[in-house]
Amino acid sequence: MLSEKDFIAKPLSPSIENGSFQWSAPSNIALVKYWGKKNKQIPANPSISFTLNNCKTITKLSFIKKNSSITIGATIEKFSFDLLFEGKPKEDFKPKIQKFFERIEKYCPYLIDYHFIIDTQNTFPHSSGIASSASGMAALSMNIMSLEKALNPEMNEDFFNQKASFLARLGSGSACRSVKGNVVVWGKHDEIVNSSDLFGVTFPSNIHPNFNNYQDTILLVDKGEKQVSSTVGHDLMHNHPFAEQRFAQAHQNLSCIKTVLETGNLDEFIKIVESEALTLHAMMMTSLPYFILMKPNTLEIINKIWKFRNETTIPVCFTLDAGANVHVLYPENVRDTVLQFITTELVGYCQNGNYICDSIGTGAIKNL
Ligand code: PMV
């Protein structure tokens, strides 16, 4: 079992002058939610997610060896990088990357030897209300690991992926679940072999065919900026009156969903997934300060899904992130009927009628 110390790279000489890599990494949708963290991005409870396939960040990392630290004014800039978003410089993304580099410096000391150009874009619209931090941090971490592997070619694939997930976690917690597919667990859980608070691991048992190519249609109810940043959100769980019960419940729900994923019991799947979504929002409604992140249309959609499910017995359900958009989850064999239902009954509740069709995917891919 790897510990934090195993991720500290031994000093590597910057034996490569320049080069570039490109990785794409997907977003993921949690079934059992991570909400609340301890120091250093350690989750307060374990979580499990479906890795997505179409909602991705594509990031090209170009690097060139520095001669010496670049001096700006009187300060020496330790990390030197330019950031491009969709081909154009994007200054407001830089502080987040700067902070990420500072956090991972201990594990990737070779970063200070290079100047980087980080050229990034998403396959989903920028202001869709879909957070790109998971896919973005995962794609960047994969690139950084490609550099580390170039400097240290002995590294094996398992370590590469575990350290990429470890680094991604330090960028944005849930990003550690975006390195691999199709189902990933993050956080120590008694019944999940090798599970760790430090990185995500692929769900270790066989997954029932009911979940093959499981569908996620994301209904874009509100495309605005997040009302509550995840940092603020996770903080709300400190001194939250229901925090301990919630963390215990997440452990239980993960045990239950483990069996569900193995046996293919879709009724149980629906119960756990919808309850988790509502619990996440309940935690926000019962914290101080309190928030309601659902919009009236979120509730309209939920009620329509329940009605449709009651009338048809088609196992379609919803989950939510920390926002108003609704993820509609359903098996592949009912895709046509559910899409028909979505386009006739649900699209009217989406901002400008926008929605994104996605499905469960296999994780990050190297493009270059
Ligand atoms: O990774 P963060 O810090 O953005 O937190 C993500 C939290 C949720 O999306 C609400 C739940 C989850 O497990 O992904």
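Before any of the text, the structure's been laid out above.
The sections below set out a description of the structure shown in this document. The structure presented is a predicted model; accordingly, all values stated were derived computationally and were not measured.

Things to note about unusual backbone geometry
Point 1. The peptide bond linking G181 to N182 adopts the cis configuration, its omega dihedral lying at -25 degrees.
Point 2. Looking at the secondary structure, you find N182 in the loop between α3 (157-171) and β10 (183-186).
Point 3. Of note, the bond from L288 into P289 is cis; its omega dihedral lies within 30 degrees of zero at -5 degrees.
Point 4. Among the secondary structure elements, P289 is positioned in the loop between α6 (266-285) and α7 (296-312).

A word on the site of the ligand
Point 1. Residues in close proximity to the ligand total 13 residues, the closest being Y34, S174, R177, S230 and H234.
Point 2. Between the ligand and S172 there is a distance of 3.3 Å, counted from an oxygen atom to a side-chain nitrogen or oxygen.
Point 3. One nitrogen or oxygen atom from the side chain of R177 is found 2.7 Å from an oxygen atom belonging to the ligand.
Point 4. Partitioned by chemical class, the residues of the shell around the ligand number five nonpolar, five polar and three charged.
Point 5. Each of domain 1 (4-206) and domain 2 (213-359) gives at least three residues to the shell around the ligand.

Regarding the nonpolar core
Point 1. Of all hydrophobic cores here, the largest spans 78 residues; its most connected members are I48, F50, F101, F116, I144, I257 and F269.
Point 2. Per-element tally for this core: the top contributor is helix α2 (residues 133-151), with ten residues.
Point 3. Counting residues domain by domain, this core receives three or more from each of domain 1 (4-206) and domain 2 (213-359).
Point 4. Non-local contacts of I144, meaning those with residues more than four positions away in its chain, are made with L61, F100, F101, I104, C108, Y110, L111 and L167.

Some points on the pattern of salt bridges
Point 1. Inspection of the entire model under this criterion finds twelve salt bridges.
Point 2. Across the pair D222 and K295 runs a salt bridge whose closest N-O atoms are separated by 3.9 Å. A residue pair is termed long-range when its members are at least 10 positions apart, and D222 in the loop between β12 (215-219) and α4 (230-235) and K295 in the loop between α6 and α7 qualify at 73 residues.
Point 3. Here D222 falls in the partly exposed class, since its relative accessible area comes to 27%.
Point 4. A relative accessible area of 31% places K295 in the partly exposed class.

What to know about the sheet that holds strand β14 (residues 326-330)
Point 1. Overall, antiparallel pairing links the four strands, which are arranged β13-β14-β12-β15 in an open sheet. At either margin of the open sheet sits one strand with a lone partner, and together these are β13 (317-320) and β15 (355-359). This sheet shows a mean twist of 25 degrees between the axes of neighbouring strands, independent of strand direction.
Point 2. Sheet strands touched by α7: β12, β13 and β14. Its angle to β13, the strand with the most contacts, is close to 155 degrees.

About the thresholds
Residues numbered from 1 in each chain as written. Predicted model: local features only at pLDDT ≥ 70, side-chain atom pairs only at ≥ 80, totals over all residues. Heavy atoms only, no water. Helix = DSSP H or I, 4+ residues; strand = E, 2+ residues; numbered from the N terminus. Near = heavy atom within 4 Å. Polar contact = N/O pair within 3.5 Å; in protein donor to acceptor, adjacent residues only side chain to side chain. Nonpolar A, V, L, I, M, F, W, Y, C, P; charged D, E, K, R; others polar. Domains from an automatic or database assignment. Core = buried A, V, L, I, M, F, W, Y, C linked by side-chain atoms within 4.5 Å. Buried < 20%, exposed > 50% of the residue type's maximum accessible area, 1.4 Å probe, protein only. Contact = heavy atoms within 4.5 Å. Salt bridge = Lys/Arg side-chain N within 4 Å of Asp/Glu carboxyl O. Pairing = 2+ DSSP bridges. Axes fitted to C-alpha atoms, helices over the stretch in contact; angles between N-to-C directions.

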